[in-house]
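Breakdown of the fold
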Amino acid sequence: MKTIVALSTPNLTSAIHIIRVSGDKAFECLQKICKAKIVKKGYAIQKVDIYNDEQKIDEVLVNKFISPKSYTGEDLIEINCHGSLYIVNKIIDLLIKAGCSLAKRGEFTKRAFLNGKISLIQSEAINNLINSSNDLAINIALNGLSNKTNKILKKIRDEIFKILGQVEVSIDYPEYDSTPDVSKQQINKIFNDSIKTLQKIISDSSNVLSIKDGIKVAIVGKPNVGKSSLLNALLNEERAIVTNVPGTTRDTIEASCIINGIKYIFVDTAGIRNTKSKIESIGIKKTKDSINKADLVILVLDNSKLLDKQDNKLIKLLSKKQNLIVLNKTDIRNMNKINGIKISARKKQISELIKCLSSYKNINSLDLKNKIILQSQESVALLSKALDHLIKAKQIYDDNFNTELSAIDLKECIDILMTILGLSKHLSFVDELFNKFCVGK
């Protein structure tokens, strides 16, 4: 396998940079561009000068890791150089001339996976940790890195193997059917426990992953009810233009912020009303698109005025969508007695709304310590297929004890579990997974 090199820090001028080299010839390639002897000793730092022939390029610190005790499982070197991108590119060019190849996206982590240093679930968790933008995303990634998910899925796989072994023995040697190694009662328990565990993993993972990258919240209502003022209050900055003229917002304005460790993506939309303006009509169409795409909709009503037909029409429109009804301008007067969250966006009095946002999908009660969370929706979809095969196998088994048809579905279930664990020989999506990584990781 080729020795690879890449910049592992952002491609920007900074105080320092880290260039990563991995492979059998890592030390050999580095030695070619250094005059001092590179001591091959693991978990050690050495200060050396990098040269291009006789020209000194930089003074660097070299962190050294010897196979198999490294991130990739290969000989690994991390060169800490000064943060000039010219210096970085010069060192990388010299290493390529010395025999290295430029690494592809995610190739270091891919090698760690292929060399058995990490599982596929942990690989996804590493990428999720790198791209995390809020506390929840960090906690999900750390949950995957803990190896807890692997242990549970391996246990389920082993339990299903027991059933498969008993079924196949009964098919090949029906004369031993009267004295099974695993009783029907034990088999039913394995089926029921495994199905219940998989259902919980799928449910917990789906709920958490759906909000990992941010909860999309559309702010809708008639013109001039205070939607833009509410957006500004939520962000605690003047992000949207606020005027007394109805229809000021003609397009959607999107902004995000972190509330109690969770990312919320707010979309301020054009006011919905009957209009002859072509531009405003386009904005209203975008508003309806935003409603369809949103996880949650905040319907803003002007509580200083009595509700009219358009307000009631909006309430009906959003009845089938998860929504929060917000009664704004309560600092002026309260004209309506409908249930809703009373706020004053202008005075930034929105604490009750913040509490309600935090209760979306029981975010406040999320405790990932006792949950098994998959790292991607793709893994959730795969595990759902495994569950379908397991349920089907149980149904066949219950209807016709120890049949070959049941064995087919059990094998399919095991094969999918092996794929999620990264133990299958048919890992067609591995390249696609690591292509999501940055270069140098």
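A brief report on the enclosed structure follows. (Residues numbered from 1 in each chain as written. Predicted model: local features only at pLDDT ≥ 70, side-chain atom pairs only at ≥ 80, totals over all residues. Heavy atoms only, no water.)

Applying the stated criterion to the full structure yields zero disulfides. With no disulfide partner, C100 has as its closest neighbouring cysteine sulfur the one in C29, 3.6 Å distant. (Disulfide = S-S within 2.5 Å.)

Turning our attention to the sheet that holds strand 1 (residues 4–7). Read across the open sheet, the six strands follow the order 3-4-5-2-1-6; overall the sheet is mixed. Since the sheet does not close on itself, it has two edges, and those belong to strand 3 (44–52) and strand 6 (101–102), each with one partner. Note that strand 1 and strand 2 (residues 16–22) share four bridges and pair antiparallel. Bridged to V5 within strand 2 is V21. In the packing of helix 2 (residues 85–97) onto the sheet, contacts are made with strand 1, strand 2, strand 3, strand 4 (55–65), strand 5 (76–82) and strand 6, and the angle to strand 2 comes to roughly 15°. The sheet strands contacting helix 3 (residues 107–114) are strand 1, strand 2 and strand 5, and the helix crosses strand 1 at an angle near 135°. (Pairing = 2+ DSSP bridges. Helix = DSSP H or I, 4+ residues; strand = E, 2+ residues; numbered from the N terminus. Contact = heavy atoms within 4.5 Å. Axes fitted to C-alpha atoms, helices over the stretch in contact; angles between N-to-C directions.)

Hydrogen bonds along the backbone pair up the strands of a sheet, which may run parallel or antiparallel. Read across the open sheet, the six strands follow the order 8-9-7-10-11-12; overall the sheet is mixed. With partners counted over all chains shown, the strands left at the sheet margins are strand 8 (253–259) and strand 12 (341–342), one partner each. Relative to strand 12, strand 11 (residues 323–328) is paired through two bridges, and the arrangement is parallel. Bridging across to strand 12, L327 finds its partner in K342. Contacting strand 8, strand 9 (262–268), strand 10 (296–302), strand 11 and strand 12, helix 11 (residues 351–358) crosses the sheet at an angle of about 180° to strand 11.

Counting residues in each nonpolar core, the largest one holds 65 residues, and the members touching the most others are L153, L230, F266, L353, L357, L383 and L410. Here the element with the most residues in this core is helix 7 (residues 184–212); it accounts for ten residues. Once residues within four sequence positions are removed from consideration, F266 is found in contact with V217, I219, L231, L234, I253, E254, A255, C257, I259 and L357. Of all hydrophobic cores here, the second largest spans 27 residues; its members include A26, V48, A98 and C100. (Core = buried A, V, L, I, M, F, W, Y, C linked by side-chain atoms within 4.5 Å. Buried < 20%, exposed > 50% of the residue type's maximum accessible area, 1.4 Å probe, protein only.)

Describing two packed helices takes the angle between their axes plus the distance from one axis to the other. The N-to-C vectors of helix 5 (residues 135–145) and helix 7 enclose an angle of 135°; their axes lie 9 Å apart at closest approach. In terms of orientation, helix 5 and helix 7 fall into the oblique class. Here the hand of the crossing between helix 5 and helix 7 comes out left-handed. Note on element contacts: helix 7 touches helix 5 through V208, L209, I211 and K212, opposite L136, A137 and I140. Its residues assigned to classes, the contact of helix 5 with helix 7 shows six nonpolar, no polar and one charged. (Parallel < 35°, antiparallel > 145°, perpendicular 65-115°, else oblique. Left-handed = near helix turned anticlockwise from the far one by under 90°. Nonpolar A, V, L, I, M, F, W, Y, C, P; charged D, E, K, R; others polar.)

Geometry only, nothing functional implied.
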